[in-house]
Amino acid sequence: MLTARIAVVVSGGGTNLQALIDAQARGELKSGQIALVIADKAGIGAIARAEKAGIDRKVIVRKEEGFEEKVLAALAEHRIDMAVLAGFLGILSADFIARFPGPILNIHPALIPSFCGKGFYGLRVHRAALDCGVKVTGATVHYVNEVPDGGRILLQKAVDVLPGDTPETLQRRVMEEAEWILLPQAAEIVCAQIVREKESNE
Ligand code: GAR
């Protein structure tokens, strides 16, 4: 069966990468295969997860010259159909987005358009939600365009904020109740579209 080749781009512990790996193992991500993991620095937890799952991996340091060129080259070399930013903490340029021919998805740990855009990443997002006093937050999977966290929304899921939450407890609940469910679902939806396009071109 035809599948879409996925690259997952990561900056951290990689629990969202793990959710994709597990969904593939359970047969829920059946239209896609994770073909490459790109880590933007050495030594992060996501690399060990990729290694354990036997997935090709590459470290391309974001802080070094030519990061985007090297990522584009790796995506082309591995014939990647779709890129997934799963806890990637950089911002890709409009040039990068124009030059990668496939869709790029991102998972954001809030209900866009709240608590998003430049400077809103990781625990900062949850801290901002708590400071604001919202009673509901959540996660969003969206297409990546030239506006940080501004591309078309694909899936969203709400999560309750509970009394006594800290940024850490809220982050964990948003991951468990939203991110790890939404990201594999979104990946499957887009991979299935890619496969349909490939089949119609055959
Ligand atoms: C996740 O909560 C993800 O949504 C967030 O970083 C965390 C990475 O965790 N991403 C952003 O804030 C992007 N703006 P992980 O490495 O365990 O998947």
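Below, the structure is looked at part by part. Note that the structure is a prediction, hence the values are computed from the model and not measured.

### Remarks on the site of the ligand
The full set close to the ligand counts 15 residues, and Gly-14, Thr-15, Asn-16, Gly-122 and Glu-179 are the nearest of them. Gly-122 places a main-chain nitrogen or oxygen 2.8 Å from an oxygen atom of the ligand. Side-chain polar atom of Glu-179 to an oxygen atom of the ligand: 2.7 Å apart, as the coordinates give it. Of all elements in the fold, only helix H1 (15–25), strand E5 (104–108) and helix H6 (167–201) reach the threshold of two or more residues within the shell around the ligand. Looking at the shell around the ligand residue by residue, the classes come out as 6 nonpolar, 8 polar and 1 charged.

### Some points on the side chain of His-78
Its place among the elements puts His-78 in the loop between helix H3 (67–77) and strand E4 (82–85). Setting aside residues up to four positions removed in sequence, His-78 forms contacts with Arg-5, Ala-35, Leu-36 and Asp-56.

### Structural notes on the nonpolar core
Counting 43 residues, the largest nonpolar core has Val-8, Val-10, Leu-17, Leu-20, Val-37 and Met-82 as the members making the most contacts within it. No other element matches the 10 residues that H6 contributes to this core. Setting aside its immediate chain neighbours within four residues, Met-82 contacts Arg-5, Ile-6, Ala-7, Phe-100, Pro-103, Leu-105, Ala-187, Val-190, Cys-191 and Ile-194. Counting residues in each nonpolar core, the second largest holds 21 residues, with Ile-38, Phe-67, Leu-75 and Phe-88 among its members.

### Focus: the packing of H1 against H6
One can describe the packing of H1 onto H6 by two numbers: an axis separation of 9 Å at closest approach and a directional angle of 55 degrees. Relative to H6, the element H1 is oriented oblique. Seen from above, H1 lies across H6 with right-handed handedness. Across from Thr-15, Asn-16, Ala-19, Leu-20 and Ala-23 in H1, the residues of H6 making contact are Met-175, Glu-179, Trp-180, Leu-183, Pro-184 and Ala-187. Residue composition of the contact of H1 with H6, grouped by class: 8 nonpolar, 2 polar and 1 charged.

### Some thoughts on the environment of Ala-129
Along the polypeptide, Ala-129 turns up in helix H5 (residues 123–132). The sequence separation of Ala-129 and Ser-31 amounts to 98 residues, and the corresponding C-alpha distance is 35 Å. Once you skip the residues sitting within four places of it in the chain, Ala-129 turns out to touch Phe-115, Val-134 and Leu-170.

Basis of the calculations
- Residues numbered from 1 in each chain as written.
- Predicted model: local features only at pLDDT ≥ 70, side-chain atom pairs only at ≥ 80, totals over all residues.
- Heavy atoms only, no water.
- Near = heavy atom within 4 Å.
- Polar contact = N/O pair within 3.5 Å; in protein donor to acceptor, adjacent residues only side chain to side chain.
- Helix = DSSP H or I, 4+ residues; strand = E, 2+ residues; numbered from the N terminus.
- Nonpolar A, V, L, I, M, F, W, Y, C, P; charged D, E, K, R; others polar.
- Contact = heavy atoms within 4.5 Å.
- Core = buried A, V, L, I, M, F, W, Y, C linked by side-chain atoms within 4.5 Å.
- Buried < 20%, exposed > 50% of the residue type's maximum accessible area, 1.4 Å probe, protein only.
- Axes fitted to C-alpha atoms, helices over the stretch in contact; angles between N-to-C directions.
- Parallel < 35°, antiparallel > 145°, perpendicular 65-115°, else oblique.
- Left-handed = near helix turned anticlockwise from the far one by under 90°.

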